[in-house]
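Commentary on secondary and tertiary structure
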Amino acid sequence: MNDLNVFKRAKRNIKQVYLLITPVVLLSMVLFASFVIDLSLKQGVSNLEKRIGSDYILVPKGAKNDAEDIILEGARGIFYFDRSVYDEVKNVEGVKEATEQFFLKSMAADCCSSEVEIIFYNPETDFLIHPWISSEYKKAQDKNCVVTGSFVNVEDNGNIKIFGREYKVAAKMAKTGTSLDSSIYFTFDSLDTVLADASEKGSFITDEQQNGDLISSVFINIEEGYEEGDVLNRIKTSVSTDYDLVFSKELSRQFSDNLSNIYEVLHIINIFAIMFFVAIDFCVNCIVVNSQKTEIALYRIMGIDKKSIIKILFEDALLTSILGGTGGCLLSALFTVPFGDYIGNMLEMPYLGPDFLRVTLFIVLVTLLTVVIGILGSLYPIIVVCVLDPYTALRKEGE
Amino acid sequence: MKNRIGFSIGYILLGTLLILIPTVIFPVCVSEKKMACFYTARAEIGVGTVIILLGLAYIFFKSAEIRAGISLSIAINSILIVLLPLKLTGLCKMSDMACRIGTLPALIVITIIIAAVSLGNFVYILISSKSKNNE
């Protein structure tokens, strides 16, 4: 009876175990990968929506497309209008909050070799950057301090070198999976120094940038209870400079809608993978049970009842499902988790990989699913056992 | 004999794959200025070559102890594969650089594979030669 132990049986029938386990491994690999990609894209898009953080953005006339590219793709652009736009907008009735930003043409910072987006903001009115700060080193940000995105490298002494000048890193932002990760934020107090340094280091700085009191955009949120159209009309009459309006919330909604096609494809892949591998699992079970008929018949003749044999087959299915499911998930995790940033980069979309807890949860979930599928697949062998006449089976084998 | 041929080919393929990762499959950053990742790639070529040579040597030895020793030395070499980018030679500092998002994860994955294969084979050789001696 000791020979009926599930592990000993597996060792004896190792080829059949391989045959049974392969479709389970493949299924769990596909399911795990699609779960991870699906969640990472959703997290990335949700962060993009939060990151936009305002209802509308006012940008200079003709800069609407550039501004949209900046928001969605992290593309770099330079466009400016007068700061008076901000002063005019902030006092309009129905505007809950407004904050201004200045974009500087992206530069390779001295600290590293990749491009970073340099943005100047007003910490007193800001409602876009501070919600993302994950670790704060210094309470107040002065002209010698910066806030950096999660991808920007900070030296061991807590400083960062930009255009030859060292700045203290006041805070680092949480990873968002968007272009925000490779941005550096200065306050407007640092603007003159940074522009002078950039010019000295050979960057092309226009006279307009150097001398004017300029900003690139004004982000606004509308007060609840006010009709958005009315507030926008009031802004139109109050602002004397020509401007374009970016409907940021709508922009992120459109982006989210476009992504729904990708989610659909992933769901279809999941459904087909489950159907395909359940069919394969069923076929493999048929082949295996046919080759095991003699063994089962012998067990029956030796006096082992049907219930015990069904238990053996059930244990076999459970062992292959758990081993195959966990193994497949781990194999898939080996490629999908470390390559998260690479996949996001390839897809050119906001992408934020799952944390350890979620990865573990997915492994448990997918393994449970493969166990259910494995048990369903073992139903046929169980039926065969129930109707099997051991003597006929042995006689057929003898013939 | 099966083990000798199989694992020898396996080690040679893994060594070749290690050389191809920072040079062809997930190449390190391309720049006129030679950055840290450039030197990491060169060092990985060296580690890959050592693994290929050990894989070649593996086929010529019948002695189980020597083959176990070769497998163990490949496992120890695999530690170098991740130590080079993480501690010894380093990579570019910005987290969104090609060497950080492509090369590093690929090197981590190949380290896990090489370590698992060589350590698994090491344990297998020891267990099977022990059971042979007992017989």
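Cut-offs applied
- Residues numbered from 1 in each chain as written.
- Chains lettered and ligands numbered in written order.
- Predicted model: local features only at pLDDT ≥ 70, side-chain atom pairs only at ≥ 80, totals over all residues.
- Heavy atoms only, no water.
- Helix = DSSP H or I, 4+ residues; strand = E, 2+ residues; numbered from the N terminus.
- Buried < 20%, exposed > 50% of the residue type's maximum accessible area, 1.4 Å probe, protein only.
- Contact = heavy atoms within 4.5 Å.
- Areas by Shrake-Rupley, 256 points an atom, 1.4 Å probe, with all protein chains shown as cover.
- pLDDT = per-residue confidence, 0-100.
- Patch = residues over 30% accessible without salt bridge, like charges linked within 9 Å, V, L, I, M, F, W, Y side chains within 5 Å.
- Salt bridge = Lys/Arg side-chain N within 4 Å of Asp/Glu carboxyl O.
- Axes fitted to C-alpha atoms, helices over the stretch in contact; angles between N-to-C directions.
- Parallel < 35°, antiparallel > 145°, perpendicular 65-115°, else oblique.
- Left-handed = near helix turned anticlockwise from the far one by under 90°.
- Nonpolar A, V, L, I, M, F, W, Y, C, P; charged D, E, K, R; others polar.
- Domains from an automatic or database assignment.
- Buried area = accessible area lost by both parts, 1.4 Å probe.
- Polar contact = N/O pair within 3.5 Å; in protein donor to acceptor, adjacent residues only side chain to side chain.

1. Quick notes on the overall build of chain B
Looking only at helices and strands, one finds four helices and zero strands in chain B. Secondary structure elements of chain B, listed N to C terminal, follow the sequence α-α-α-α. Among the 135 residues that make up chain B, the fraction classed as buried is 44%. A separation of at least 24 residues holds for 76% of the contacts in chain B among residues at least 6 apart in sequence. On chain B, roughly 7100 Å² of surface is accessible, and the fraction owed to carbon and sulfur atoms is 71%.

2. Digging into the overall build of chain A
Looking only at helices and strands, chain A features 13 helices and twelve strands. In chain A, buried positions account for 51% of the 399 residues. Here the contacts in chain A between residues at least 6 apart in sequence split such that 80% fall between residues at least 24 apart. Accessible area of chain A: about 19700 Å², with a carbon and sulfur share of 57%.

3. Details of the confidence of the model for chain B
Averaged over all residues, the pLDDT of chain B is 92; the fraction at 70 or higher stands at 99%. We note a pTM of 0.78 for the whole complex and an ipTM of 0.82 for its interfaces.

4. Looking at a nonpolar patch on the surface
Residues and elements named next belong to chain B. A contiguous nonpolar patch, built from Leu72, Ile76, Ile79, Leu80, Leu83, Leu88 and Leu119 and spanning about 580 Å² of accessible area, is present on the exposed surface. Considering every element that reaches the nonpolar patch, the biggest residue donor is helix H3 (residues 64–88), with six residues. Mapped onto the secondary structure, Ile79 falls in helix H3. Residue classification places Ile79 among the partly exposed residues on the basis of a relative accessible area of 46%.

5. Regarding the packing of helix H8 (residues 248–301) of chain A against helix H11 (residues 356–377) of chain A
Residues and elements named next belong to chain A. Following both chains from N to C, one finds H8 and H11 inclined at 40 degrees, their axes separated by 9 Å at the closest point. By the angle class used here, H8 and H11 are oblique. Relative to H11, H8 is oriented so that their crossing is right-handed. Mapping the contact onto sequence places Ile274, Val278, Asp281 and Asn285 in H8 and Leu369, Ile373, Gly374 and Gly377 in H11. Tallied by class, the residues present in the contact of H8 with H11 amount to four nonpolar, three polar and one charged.

6. Some remarks on the domain arrangement of chain A
Residue and element names in this part refer to chain A. Under the domain assignment used here, chain A contains domain 1 (2–48 + 254–398) and domain 2 (62–241). With nine residues of domain 1 in contact, the opposing surface of domain 2 contributes eight residues. Here domain 1 packs against domain 2, burying approximately 690 Å² in sum over the two surfaces, 61% of which is carbon and sulfur. Viewed at the interface, domain 2 and domain 1 are joined by zero salt bridges. Remark: the boundary between domain 1 and domain 2 carries zero residue pairs in polar contact (both at pLDDT 80 or more). Of the residues belonging to the side of domain 1 that touches domain 2, the class tally is six nonpolar, two polar and one charged.

7. Focus on the interface of chain B and chain A
Listed per partner, the contact involves 14 residues of chain B and 19 residues of chain A. Summed over both sides, the interface of chain B with chain A buries roughly 1400 Å², with 75% coming from carbon and sulfur. In this structure, the connection of chain B to chain A is made through zero salt bridges. One can count zero residue pairs in polar contact (both at pLDDT 80 or more) joining chain B with chain A.

8. A few points about unusual backbone geometry
Residues and elements named next belong to chain A. Within the chain, Phe163 stands out as a residue other than glycine whose phi angle is a positive 50 degrees. In this fold, Phe163 is placed in the loop between strand E7 (159–162) and strand E8 (165–173). For Phe163, a relative accessible area of 7% gives the class buried.

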